[in-house]
Amino acid sequence: MKTIVTLTLNPSIDGSAEADIVRPVHKIRTSDERYDPGGGGINVARVIRELGGPVLAMYLAGGATGGVLDDLLDTALIAHRRVPIADHTRISHAVFERSSGEEYRFVPAGPLVMEWEWRAILEALEDIDCEYLVASGSLPRAVPDDFYETVAALAHRKGIRLVLDTSGSALRAGLVRGVHLVKPSLGELEALVGRRLADGAAQEAAARELIDAGSAEMVALTLGRDGALLVTAQAALRQPALDVVAKSAVGAGDSFVAAMTLALAQGRDEQDAFAYGMAAGAAAVLSPGTGLCRREDVERLYGELSRQIPPRP
């Protein structure tokens, strides 16, 4: 299989720690600190590599923190291509409060990106040779809302299958040209179709609207504790969430996207790829802080899930 390429316009240095209690004014003493390269597409790249797949992470980064992000990717042994910007790469932080079991996440908007900088990464995408491109995460300040629409047009022209995971106006614009796979949350899908989706039938109907309109070939709707729904032109598959003890919500959606994309790139069918994505999403919440999923957890949960899913007739 060809190398999977991930695209991250708004990467971050993801810090995490634990504290006994989080409260205002007082100095909060933390422990178990760790720092990881983060942001949607970079998280996807980390998981693909963890699962044994070939991957290249492309991203915008700059300032003193941009160099730190490069070092973290080197340490993680992830192949990467940085397009430099002048402004600083953001730093996100998650704090797990031991007394309550709650997690607090602090996520900046990101750097101010000049037009020549975001155009430079489009030029860099012209050089890639891949079958799957995963565009994931938010857009930093001053990048136009229709950026992912431009990426989708580029992917169509180059015969690349685009996987899109973003939100808001960036998501809406990205679906104008149509993508191979889109992974909205329930709130994101409701915003796209402009109505509340109160039950499974309404959710499936909304996902099918996107497919019928040519916006996506596959819609993987993630529903948190209610599991996930995969809709294609031929079928719909709903899967309850796996029963795991959650330690952190960081990167669960990215892990889902990574594993499902890897499985599709390996030639596995949609049902099997969906199960692999579900297993990776569940495995991610087992890891504290910004640790994402471990391969042994993914394979174990995938085995459990595979036994629950009836074979196709």
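These figures come from a predicted structure and were not determined experimentally. (Residues numbered from 1 in each chain as written. Predicted model: local features only at pLDDT ≥ 70, side-chain atom pairs only at ≥ 80, totals over all residues. Heavy atoms only, no water.)

A look at the overall build of the chain
This is how it is decided: Numbering of helices and strands runs from the N terminus, with a helix taken as a DSSP run of H or I at least four residues long and a strand as a DSSP run of E at least two residues long. For the radius of gyration, the atom set is restricted to C-alpha positions; the globular benchmark scales as 2.2 Å times the number of residues to the power 0.38. The rule is simple: take the accessible area with a 1.4 Å probe, protein chains only, and divide by the maximum for that residue type; under 20% is buried, over 50% is exposed, in between is partly exposed. Should any heavy atoms of two residues lie within 4.5 Å, those residues are considered in contact. Under the convention used here, a 1.4 Å probe and the Shrake-Rupley method define accessible areas, while residue burial counts only the protein chains that appear. Think of it this way: Lys and Arg go in the positive column, Asp and Glu in the negative one, and His and the chain ends go nowhere. Note that the charge is assigned to NZ on lysines, CZ on arginines, CG on aspartates and CD on glutamates.
Looking only at helices and strands, one finds 10 helices and 13 strands in the chain. For the chain, the C-alpha radius of gyration of 19 Å lies close to 20 Å, the compact-globule estimate for 313 residues. Here the chain holds 313 residues, and the buried ones make up 52% of them. Sequence-distant contacts, at least 24 apart, represent 65% of the contacts inside the chain between residues at least 6 apart. Summing over all exposed atoms, the chain offers an accessible surface of approximately 13800 Å²; the carbon and sulfur share of this is 50%. For the chain, the distance from the average position of its 32 positive side-chain charges to the average position of its 42 negative side-chain charges is 1 Å.

So, the packing of aromatic side chains
How we decide: Here the aromatic set is Phe, Tyr and Trp, taking the six-membered ring for Trp, and pairing holds for ring centres within 6.5 Å; pairs whose planes are under 30 degrees apart are stacked, those over 60 apart are edge-to-face, and all others are tilted.
Taken as a whole and judged by the stated rule, the model has 4 aromatic pairs. Ring plane angle 85 degrees and centroid distance 6.0 Å describe the contact between tryptophan 118 and phenylalanine 147, whose orientation is recorded as edge-to-face. Of this pair, tryptophan 118 sits in helix α3 (residues 115–125) while phenylalanine 147 sits in helix α4 (residues 147–158), and the two are 29 residues apart along the sequence. For the pair shown, tryptophan 118 and phenylalanine 147 are each scored as buried. Measuring from ring centre to ring centre gives 6.1 Å for phenylalanine 256 and phenylalanine 274, while their planes differ by 75 degrees; the resulting arrangement is edge-to-face. One end of the pair, phenylalanine 256, is in helix α8 (residues 252–265); the other, phenylalanine 274, is in helix α9 (residues 270–284), and 18 residues separate them in sequence. Each member of the pair, phenylalanine 256 as well as phenylalanine 274, carries the same accessibility label: buried. The rings of Trp118, Phe147 and Tyr148 are connected pair by pair, giving a single aromatic cluster.

A look at the sheet that holds strand β11 (residues 216–222)
The condition is simple: Should DSSP find at least two bridges between two strands, the strands are taken to pair. All axes are obtained by fitting lines to C-alpha atoms, using only the stretch in contact for helices, and the reported angles, taken between N-to-C directions, cover 0 to 180 degrees.
Strand order in the open sheet made by the 9 strands is β5-β4-β1-β8-β9-β10-β11-β12-β13, with mixed pairing throughout. Because the sheet does not close on itself, it has two edges, and the strands there are β5 (79–85) and β13 (236–239). Going across the sheet, the axis of each strand differs from the next one's by a mean of 15 degrees, ignoring polarity. Taken together, the 5 bridges between strand β1 (residues 4–8) and strand β4 (residues 55–62) define a ladder with parallel strand orientation. Residue pairing across strands places isoleucine 4 opposite valine 55, the latter belonging to β4. α8 contacts β1, β8 (132–136), β9 (161–165), β10 (179–182), β11 and β12 (228–232) of the sheet and is inclined by roughly 170 degrees relative to β8.

Side note on the pairing of β5
Here is the rule: A clockwise course of the path from the first strand over the helix to the second, judged with the strands pointing away from the viewer, identifies a crossover as right-handed.
Inspection of the sheet shows β4 paired to β5 by 7 bridges, in the parallel sense. Pairing of tyrosine 59 across the sheet is with arginine 82, part of β5. Following the chain from β4 across helix α2 (residues 63–75) to the adjacent parallel β5, one finds a crossover that is right-handed.

What about the packing of α8 against α9?
Short version of the rule: Here the angle decides the label: under 35 degrees means roughly parallel, over 145 means roughly antiparallel, 65 to 115 means roughly perpendicular, and every other value means oblique. Note: crossing handedness is left-handed where the near helix turns anticlockwise from the far helix by less than a right angle, and right-handed where it turns clockwise. In this count, Pro and Cys sit with the nonpolar residues alongside Ala, Val, Leu, Ile, Met, Phe, Trp and Tyr, while Asp, Glu, Lys and Arg are called charged and the others, Gly among them, polar.
It is at 7 Å that the axes of α8 and α9 come closest, and there the two elements cross at 150 degrees. When the axes of α8 and α9 are compared, the pair comes out roughly antiparallel. Crossing handedness for the pair α8 and α9: right-handed. Of the residues in α9, those touching α8 at Ala252, Ser255, Phe256, Ala259, Met260, Ala263 and Leu264 are Glu270, Ala273, Phe274, Tyr276, Gly277, Met278, Ala280, Gly281 and Ala284. Residues that form the contact of α8 with α9 fall into these classes: 12 nonpolar, 3 polar and 1 charged.

A few points about the layout of surface pockets
In this approach a probe as big as a water molecule rolls over the atoms, and the regions it shows empty are the leftover space. Going by this rule: Each cavity reported here is a set of points on a 1 Å grid over the protein atoms alone in which a 1.4 Å probe fits but cannot get out, each pocket an open set with protein on both sides within 12 Å along at least five of seven lines, and each lining residue one with an atom within 4 Å of a point. Grid points are joined across faces, edges and corners, and a volume is the space filled by probe spheres set on the points.
Its boundaries defined by the atoms lining it, the second largest pocket holds a volume of some 240 Å³. Contributing elements (two or more residues each) for the lining of the second largest pocket: β3 (31–38), α1 (40–50) and α2.

Comments concerning helix α6 (residues 186–193)
The condition that has to hold: An arc is given here, and it is the one of the directions from the helix axis to the C-beta atoms.
Within α6 the residues assigned to the buried category are Leu189, Leu192 and Val193. The buried residues of α6 occupy one face: seen down the axis, they fall within an arc of 85 degrees. The inward-facing, buried residues of α6 abut α5 (168–174), α7 (200–212) and β11. Glycine 194, located one to two residues past α6, shows a positive phi value of around 75 degrees.

A short note on unusual backbone geometry
Unlike most non-glycine residues, leucine 77 shows phi in positive territory, near 60 degrees. In this structure, leucine 77 sits in the loop between α2 and β5. Look at leucine 77 and you get exposed, because its relative accessible area is 59%. A positive phi angle is found at alanine 142, which is not glycine, with a value near 80 degrees. Among the structural elements, alanine 142 can be located in the loop between β8 and α4.

Observations regarding empty space enclosed by the protein
Taken as a whole and assessed by the stated rule, the structure comprises 1 cavity of 30 Å³ or more. If you add up the space inside the largest cavity, you get close to 30 Å³. Along its surface, the largest cavity is lined by Leu9, Asn10, Pro11, Leu60, Ala61, Ile85, Thr89, Arg90 and Pro111. Broken down by class, the residue content of the lining of the largest cavity amounts to 6 nonpolar, 2 polar and 1 charged.

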